[in-house]
Amino acid sequence: MYPDSFSYSKDHEWVHVEGDIGTIGITDFAQKQLGDVVYVELPEVGTKLEYHQSFGVIESVKAVSDVYAPVSGEVTAVNEELNDAPELLNESPHDKGWIIKIKVKSGAELEKLMPVNEYEKYLEGLED
Amino acid sequence: MSYISLSDKDKKEMLARIGIKSLDDLYSCIPADLKLDRDLEVPQALTETELFRYFDTVAKKNTADSYRCFLGAGAYRHTIPAIVDYLSMRGEFISPYTPYQPELSQGTLQIIFEFQTLIAQLTEMDIANASLYDGASGAAEAVLMANRLTRKSKVLVAASVHPQYRGVIEAYVKNLELEIIEIGYDDSGRVNESELQSRLDEKTAAFVFQSPNFFGVIEDGEALSRRAHETNALSVFLIAEAVSMGILASPGSQGADIVTGEAQSFGMPLSFGGPYLGFMACAEQYLRQFPGRIAGETKDVDGKRGFVLTLSTREQHIRRERATSNICTNQAWCAVRAAIFMETLGAEGMREMARQNMQKARYALDRLTDISGVEARFSGPVFNEFVLQLERPLSEIQSVLEGHRIIGGLALDTWMPGFKNCLLVNVTEIHTRDDIDALAAALRTAAR
Amino acid sequence: MIREPLIFEISEEGKKAFTFPKPDVPDNDGIEQNVRLRKEIHGFPKVAEIEVVRHFTRLSKTNYCVDEGIYPLGSCTMKYNPKINEVVAGLAEFRNSHPLSPVSTVQGNLEALFTTEQLLAEITGMDAVSLQPSAGAQGEMVGIMLVKACLEDRGEKRTTVLIPDSAHGTNPSSAHLCGFKVREIKSNQFGTVDIDSLTEAMSEDVAALMVTNPNTLGIFEWDIKKIADIVHSKGGFVYMDGANMNALVGRCRPGDMGVDVIHLNLHKTFSTPHGGGGPGAGPVGVSRTLEPYLPVPLIRKVDGAFRLDEDRPKSIGRVRGFYGNFLVILKALAYILTHGPKGLREIADIAVLNSNYIRKSLEGLYHLKYASPSMHECVFSDALQKKHGISNLDIAKRLIDYDVHPPTMSFPLIVPGALMIEPTETESRRDLDFFIEAMTAIAREAEENPNLLKQAPHHTYVRRLDETAAARQPILKWTNGDRT
């Protein structure tokens, strides 16, 4: 279910780092909690994000949630497809529903995130 | 008189089921020192008959109805087709709540959807909302919206915008970091374009103007919008007299980005100032920052068309302190009246009504300015309202008019100090030639 | 049932529903020069009068309303709207009066407004009242604006407003509009403001606490005086959201609880019709300290005559045109005068009786998160039905099949799956019992046949609507099939 190569935050964001570029999205757990996503507010390319800074807003029919940067860095790309097809966040949260790519500032921050086995355990704890 | 429908037996049985002895026991959760130990000092209860008598007596202390009245200034007397009252008074329109349960509120929702469509057609804008409190608070909401859209904090507002609208804008922005700068007018009564141009810059969020403006003068909305756009400011187009849209070029065709105003004229009696009906429309790209309720079309599980309140994540009950506005209600019942009004008049009726307003105002302006000692204050074209400059002191003239049972208009200097002996006169399709001639005759005596 | 089309879909050339008289001024006076005119209003309907009448009559039949049955929307106070109030507010002398008429010609209007101010001041125990705000949310905003103006006048710059987590969403939104940061105060296990959290959060940076009493759980804030003392001790103000005033009328008064400013919803406590979502009215009552800042104009009585006082240098100014929703205010005045002192108290008493009757009857069938005594409303949840996969939404939709309007579900946020029930005082025993029986039947259905609930409602004009599609691809107006 949850890709091995990703790192996960307690707020249910994932980040997948290749080179110094990290792709960021929300987890399957998060999209299920939100319900049908109807709109995603994206940041502008070039925005500099601090660790845990809110960089966007996800709206479902009856809820709004902030999305937080799991690592700090500069936004290099946003998933424009979400403008027309916000449902990608529900249908493919770990792949086509990615939200932004950022140039990761420091690898050290990644250490604070959870690897997949730890995140799955974390989810089990939440479901109790 | 009371509207309680429990019998003595009901009360007894209900108290027994709850397990308490008296109504007082229901309040055991309120500390004794907070309980009121006396009756409220309000008049003794009235029966329906006595209540009617009381209100009838109070109402008769109003004598305004016996005058020929030429007051406008943001509140206009117009024709109201009989079916507006007849249909809108149905309990199904008056007594429900906001349509949160769409399966039980398709009537209200479809009418709001039609209202949004009618306003969009009239303004020639992409989208309209379900209504706002009134024109004045609509103006303030538009300023806040422009600020959110541009993230710029300077707003230019024409001095020819209704003073109450300007007042409400000021009250709303006072606590936010927004700067309001007023732009003057020229001898025609229109916005002073060179002053506007000199004040516009890249830090300007919006230019807010009204047309027809407070003096009744029709602005060149296209030129004003173009100026605003030159520095990437938004063009915010206010309309205090919605009837004007029946004949004047629409705000949308003149480059407006946000249009808001007062639609009291569409079926709301004067009502001493309320309830009225704010409306708002904008370009589709601004939807996410659009305040107020919005109805949208969708389908039910059987594939049938239906309507719901939508995009509610913009609103306070979900976004709380980050909402586009704190508005909770719209003026749904007033919007129902306006929808009945607009659909009854139809394309032709709306146009004919507007045409007659313009025609009668022109007739009145010509007749009145024929009188010596009476001049038009501004040279610009007018819709159904205009400013007269009188030679003699206005108070003396007003008392002569009063002798003829005429309220000639609004003494402008009560609101705008620079306008000594100026009268703002409104003429609508309701006024007969006889009314206008009577005003002219009385003014001829008075102005001498 | 006939599917009623949109009016635009039945429009045809050559039809009309209204004719204006021919103008009696010379036609050749013509239209202004140098003005851009429009040729037509594209899309505007062309229909006959009977078509308009049938259109709105048929649409009206798809609306549920208070005149039809119980409408137990919590926090909305959907009580009966007396018909005589429509009659008196419709008197020609009120209805046709221009708001800028010379004051000597509208003494009746001013007397009615003045009287209403006085009566609301007595009912709330506040020193002065402004009738200007158009609705509850605007009343809230005005209340906080008054606090801000007073603080500025004292040279204080406070930045924070405290709001309990049970509050209605307009509270934080209104505070934000006045430039304040919002800090949330936790509720305790009784569902009331947690005194320790409040004490800890209260500082000289806090402008006000916005408290609803009884709160949105229908629970009276027992410690309200202590709460007010804590806020006052650091120089802050207590703002009370009066949405639930229906529980208190004639029994106790916010002014006696240490409240500095309150808004009322005339469309709740004072029975003015909700109109499908407005117009309402949200008067604001204040203590002496805040009076100088009230919006203009105020109504004064000098030597037996009424006048409008605009000359108030400390006023926050104006929040809407003219003087408020006048006709709405008249209906509220009629309601107060109809009831008199004993009748007003009876409103609260029976509202609380009815709510407790429902609570007692449904306890056990539905989960009650907070055991504290209920006032005018009780807040159950779907916690017991959850194990059958049933949510509050399913319960609500099934109620519709029983011809009953569902309770409030969208808040309080601290009760997940909330069912907030407010019967009001005007319901008959028969209708209360009908509601209780429906809820009882649904609790059983949730166990035995959950699918019945999940697919409800079954017999309505439309069934469950796709709100996701409505929000993803918004269609906000009719475009004759052309949706681009």
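In this numbering scheme, every chain counts its residues from 1 along its sequence in written order. Throughout, the order in which chains and ligands are written sets their labels, letters from A for the former and numbers from 1 for the latter. In keeping with the model being predicted, local features are shown solely for residues with a pLDDT of at least 70 and side-chain atom pairs are shown and tallied solely at 80 or more, while totals for entire chains, interfaces and linings include all residues. Only heavy atoms go into the side-chain values, all of them from the structure, while hydrogens and water stay out.

Q: An account of the overall build of chain B is requested, with residue identities and associated values reported.
A: Secondary structure summary: chain B contains 13 helices and 15 strands in total. Along the longest, intermediate and shortest principal axes, the C-alpha atoms of chain B span 80 × 55 × 50 Å. Think of it in three bands: with a 1.4 Å probe and only protein chains considered, a residue is buried below 20% of the maximum accessible area for its type, exposed above 50%, and partly exposed in between. Out of the 448 residues in chain B, the part that is buried amounts to 69%. For chain B, restricting intrachain contacts to residue pairs at least 6 apart in sequence, the fraction spanning at least 24 positions comes to 73%. The method behind every accessible area is Shrake-Rupley, applied with a 1.4 Å probe, and residues are considered shielded solely by the protein chains displayed. Total accessible area on chain B stands at roughly 14200 Å², and carbon and sulfur atoms take up 47% of it. Of the side-chain charges in chain B, 46 are positive and 59 negative, and the distance between the mean point of each set is 1 Å. Put simply, DSSP H or I for four residues or longer makes a helix, DSSP E for two residues or longer makes a strand, and each gets a number counted from the N terminus. Any two residues whose heavy atoms approach within 4.5 Å at even a single point are treated as in contact. Note that His is not counted, nor are the chain ends; the positive residues are Lys and Arg, and the negative ones are Asp and Glu. For the purpose of locating charges, the reference atoms are NZ of Lys, CZ of Arg, CG of Asp and CD of Glu.

Q: Any chance you could break down the domain arrangement of chain B for me, citing the residues and the numbers?
A: Source of the domain bounds: an automatic or database domain assignment. With domains assigned, chain B is organised as domain 1 (8-54), domain 2 (64-79 + 347-447) and domain 3 (82-341). Measuring from the centre of the C-alpha atoms in domain 1 of chain B to the corresponding centre in domain 3 of chain B gives 44 Å.

Q: Report on the packing of helix 5 (residues 136-153) of chain C against helix 6 (residues 170-177) of chain C, specifying residues and quantitative values.
A: All names here are of chain C. All axes are obtained by fitting lines to C-alpha atoms, using only the stretch in contact for helices, and the reported angles, taken between N-to-C directions, cover 0 to 180 degrees. Close contact between helix 5 and helix 6 brings their axes to 9 Å; oriented N to C, the two are set at 45°. Compared by their axis directions, helix 5 and helix 6 come out oblique. Taken as a pair, helix 5 and helix 6 cross one another with a handedness that is right-handed. Of helix 6, the residues touching helix 5 (which contributes Ala137, Glu140, Met141 and Ile144) are Thr170, Asn171, Ser174, Ala175 and Leu177. Per-class residue counts for the contact of helix 5 with helix 6 are five nonpolar, three polar and one charged. Each angle receives one of four descriptions, namely roughly parallel if under 35 degrees, roughly antiparallel if over 145, roughly perpendicular if within 65 to 115, and oblique otherwise. Crossing handedness is defined as follows: a turn of the near helix away from the far one that is anticlockwise and smaller than a right angle gives a left-handed crossing, while the clockwise case is right-handed. Residues are grouped as follows: nonpolar covers Ala, Val, Leu, Ile, Met, Phe, Trp, Tyr, Cys and Pro; charged covers Asp, Glu, Lys and Arg; every other residue, Gly included, is treated as polar.

Q: How would you sum up the interface of chain A and chain B? Please name residues and give values.
A: The partner chain B presents six residues to the eleven residues of chain A that form the contact. The term buried area denotes the loss of accessible surface (1.4 Å probe radius) that occurs when two parts are joined, taken as the sum for both partners. Between chain A and chain B, the buried area comes to about 710 Å², and carbon and sulfur atoms account for 44% of it. Interface area lost by chain A to chain B is led by Tyr39(A), Glu59(A) and Val64(A), which between them contribute 53%. Note on definitions: salt bridges are taken to be side-chain nitrogens of Lys or Arg within 4 Å of carboxyl oxygens of Asp or Glu. The closest approach of N and O atoms between Glu59(A) and Arg288(B), which form a salt bridge, is 2.8 Å. Identification of polar contacts relies on pairs of N or O atoms within 3.5 Å, with a donor-acceptor requirement for protein atoms, meaning one able to donate a hydrogen and the other able to accept it, and with residues adjacent in sequence counted only if both atoms are side-chain atoms. Along the contact surface separating chain A from chain B lie one residue pair in polar contact (both at pLDDT 80 or more). Going through the elements one at a time, strand 4 (37-41), strand 6 (54-60) and strand 7 (63-68) of chain A are the ones with two or more residues in the side of chain A that touches chain B. Its residues assigned to classes, the side of chain A that touches chain B shows six nonpolar, one polar and four charged.

Q: So, the interface of chain B and chain C: which residues are in play, and what are the values?
A: The figure often quoted for interface size is the accessible area lost as the parts come together. The interface is formed by 190 residues belonging to chain B together with 200 residues belonging to chain C. Summed over both partners, the interface of chain B with chain C comes to about 17600 Å²; 62% of that surface belongs to carbon and sulfur atoms. Inspection of the chain B/chain C interface yields 18 salt bridges. With its nearest N and O atoms 3.6 Å apart, the salt bridge here joins Asp24(C) to Lys360(B). Taken together, chain B and chain C are joined by 83 residue pairs in polar contact (both at pLDDT 80 or more). With 25 residues, helix 11 (residues 332-369) of chain B is the single largest residue contributor to the side of chain B that touches chain C.

Q: Residues and numbers for the confidence of the model for chain B, please.
A: Scored from 0 to 100, pLDDT records how confident the predictor is in each individual residue. Looking at chain B as a whole, its pLDDT mean stands at 95, while 98% of the residues score no less than 70. Interface confidence for the predicted complex, expressed as ipTM, amounts to 0.96; the pTM equals 0.95.

Q: Explain the packing of aromatic side chains to me, using residue names and the numbers behind them.
A: For any pair of aromatic rings, geometry is given as the distance between the ring centres together with the angle between the planes. Here a pair means two rings of Phe, Tyr or Trp (six-membered ring of Trp) with centres within 6.5 Å. Their orientation is stacked below 30 degrees between planes, edge-to-face above 60, and tilted elsewhere. Inspection of the entire model under this criterion finds 34 aromatic pairs over all chains. For the ring pair Tyr185(B) and Phe378(B), a centre distance of 5.8 Å and an interplane angle of 90° mean the geometry is edge-to-face. One end of the pair, Tyr185(B), is in the loop between strand 4 (179-183) and helix 8 (193-199); the other, Phe378(B), is in the loop between strand 11 (374-376) and strand 12 (385-390), with 193 residues separating them in the sequence. Classification of Phe378(B) by relative accessible area gives buried; the value is 12%. Through a chain of ring-to-ring contacts, the aromatic side chains of Tyr54(B), Phe55(B), Phe272(B), Tyr276(B), Phe94(C), Phe322(C), Tyr323(C) and Phe326(C) assemble into a single cluster. Here the guanidinium or amino end of Arg405(B) rests over the ring plane of Tyr67(B), the centre of that ring lying 4.2 Å away. Its end group placed over the ring of Phe180(C), Lys148(C) keeps NZ or CZ at 4.7 Å from the ring centre. The rule is short: NZ of Lys or CZ of Arg within 6 Å of the ring centre and within 35 degrees of the ring normal puts a charge over the ring.

Q: Can you explain the nonpolar core? Please cite residues and give values.
A: If you look at the biggest cluster of nonpolar residues, it comprises 165 residues, and the most contacted ones within it are Phe55(B), Phe386(B), Phe220(C) and Leu248(C). With 20 residues, the top contributor of residues to this core is helix 9 (residues 326-362) of chain C. Ignoring any residue separated from it by four or fewer positions in sequence, one finds Phe220(C) in contact with Cys29(B), Ile30(B), Pro31(B), Leu34(B), Thr192(C), Asn213(C), Pro214(C), Leu248(C), Cys252(C), Met257(C) and Met375(C). Each nonpolar core is a collection of buried residues, namely Ala, Val, Leu, Ile, Met, Phe, Trp, Tyr and Cys, held together in the definition by side-chain atoms within 4.5 Å. If you look at the next biggest cluster of nonpolar residues, it comprises 150 residues, including Ala136(B), Val243(B), Val259(B) and Leu311(B).

Q: Before we move on, can you summarise helix 7 (residues 163-173) of chain B with the specific residues and values?
A: With nine of eleven residues buried, helix 7 of chain B is to be regarded as a mostly interior element. Within the span of helix 7 of chain B, buried status applies to Pro163(B), Gln164(B), Tyr165(B), Arg166(B), Val168(B), Ile169(B), Ala171(B), Tyr172(B) and Val173(B).

Q: Describe in detail the pairing of strand 5 (residues 204-210) of chain B, supporting the description with residues and values.
A: Residues and elements named next belong to chain B. When you tally the buried positions in strand 5, you get seven out of seven residues, the bulk of the element. Note: strand 3 (residues 154-158) against strand 5, four bridges, orientation parallel. Looking across to strand 5, one finds that Val155 is bridged to Ala206. As paired elements, strand 5 and strand 6 (residues 234-239) share five bridges and run parallel to each other. Looking across to strand 6, one finds that Gln210 is bridged to Leu238. Between strand 5 and its parallel partner strand 6, the chain crosses via helix 9 (residues 221-230), and the hand of that crossover is right-handed. Strands pair, by our definition, only if DSSP identifies at least two bridges between them. Looking down the strands as they point away from you, a crossover is right-handed if its path from the first strand over the helix to the second goes clockwise.

Q: Can you lay out unusual backbone geometry for me, pointing to particular residues and giving the numbers?
A: A cis amide bond links Gly274(B) with the next residue in sequence, Pro275(B), at an omega value of 5°. As for its position among the elements, Pro275(B) is in the loop between strand 7 (258-262) and strand 8 (278-282). For the peptide bond that leads from Asn213(C) to Pro214(C), omega is -10°, which places it in the cis range. With a phi angle near 55°, Glu124(B) is a residue other than glycine that sits in the positive phi range. Relative to the helices and strands, Glu124(B) resides in the loop between helix 5 (106-123) and strand 2 (127-128). Although it is not a glycine, Ser75(C) sits at a positive phi angle of roughly 75°. Examined against the element boundaries, Ser75(C) turns out to sit in the loop between helix 1 (49-60) and helix 2 (83-89).

Q: Residue-level account of the pattern of salt bridges, with values.
A: Here the structure, examined in full by the defined rule, presents 62 salt bridges over all chains. A salt bridge links Lys397(C) to Glu103(B); its shortest N-O distance comes to 2.8 Å. Separated into two different chains, Lys397(C) in helix 10 (residues 392-401) and Glu103(B) in the loop between helix 4 (91-94) and helix 5 make up a pair that spans both. A single burial state applies to Lys397(C) and to Glu103(B), both of which are buried. Salt bridges sharing partners connect three or more residues here, namely Lys9(B), Asp10(B), Glu13(B), Arg429(C) and Asp433(C).

Q: Quick one: what's the story with the sheet that holds strand 4 of chain B, residue by residue and with numbers?
A: Residues and elements named next belong to chain B. The strand order 2-8-7-6-5-3-4 describes an open sheet built from seven strands, whose pairing is mixed. At either end of the open sheet lies a strand with only one pairing partner, and these are strand 2 and strand 4. Relative to strand 8, strand 7 is paired through five bridges, and the arrangement is antiparallel. The residue bridging Val259 from the neighbouring strand is Ala281, located in strand 8. With respect to the sheet, helix 6 (residues 135-150) is in contact with strand 3, strand 5, strand 6, strand 7 and strand 8, its orientation differing from that of strand 7 by roughly 165°.

Q: I'd like a description of the packing of helix 5 of chain B against helix 1 of chain C, backed by residues and values.
A: One can describe the packing of helix 5 of chain B onto helix 1 of chain C by two numbers: an axis separation of 8 Å at closest approach and a directional angle of 135°. Here helix 5 of chain B is positioned oblique relative to helix 1 of chain C, judged by the angle of their axes. Two secondary-structure elements touch here, helix 5 of chain B through Gly107(B), Gln110(B), Ile111(B) and Glu114(B) and helix 1 of chain C through His55(C), Phe56(C) and Leu59(C). A breakdown of the residues in the contact of helix 5 of chain B with helix 1 of chain C according to their chemical character gives three nonpolar, three polar and one charged.

Q: So what's going on with the sheet that holds strand 4 of chain A? Residues and values would help.
A: Residues and elements named next belong to chain A. Strand order in the open sheet formed by three strands is 4-6-7, with antiparallel pairing between adjacent strands. Because the sheet does not close on itself, it has two edges, and the strands there are strand 4 and strand 7. Averaged over all pairs of adjacent strands, the angle between strand axes in this sheet comes to 20°, irrespective of strand direction. Two strands pair when backbone bridges link them, and strand 4 and strand 6 are joined in this way by four bridges, in the antiparallel orientation. Following the sheet pairing, Val37 is matched in strand 6 by Ser60.

Q: Break down the side chain of Gln210(B) for me, with residues and values.
A: All names here are of chain B. Here Gln210 lies in strand 5. Separated by 2.8 Å, the side chain of Gln210 and the backbone nitrogen of His162 make a polar contact. For Gln210, the side chain forms a polar contact with the main-chain oxygen of Pro212, separated by 3.2 Å. If near-sequence neighbours (up to four positions away) are discounted, Gln210 is found in contact with Ser160, Val161, His162, Tyr165, Glu219, Leu238 and Ala240.

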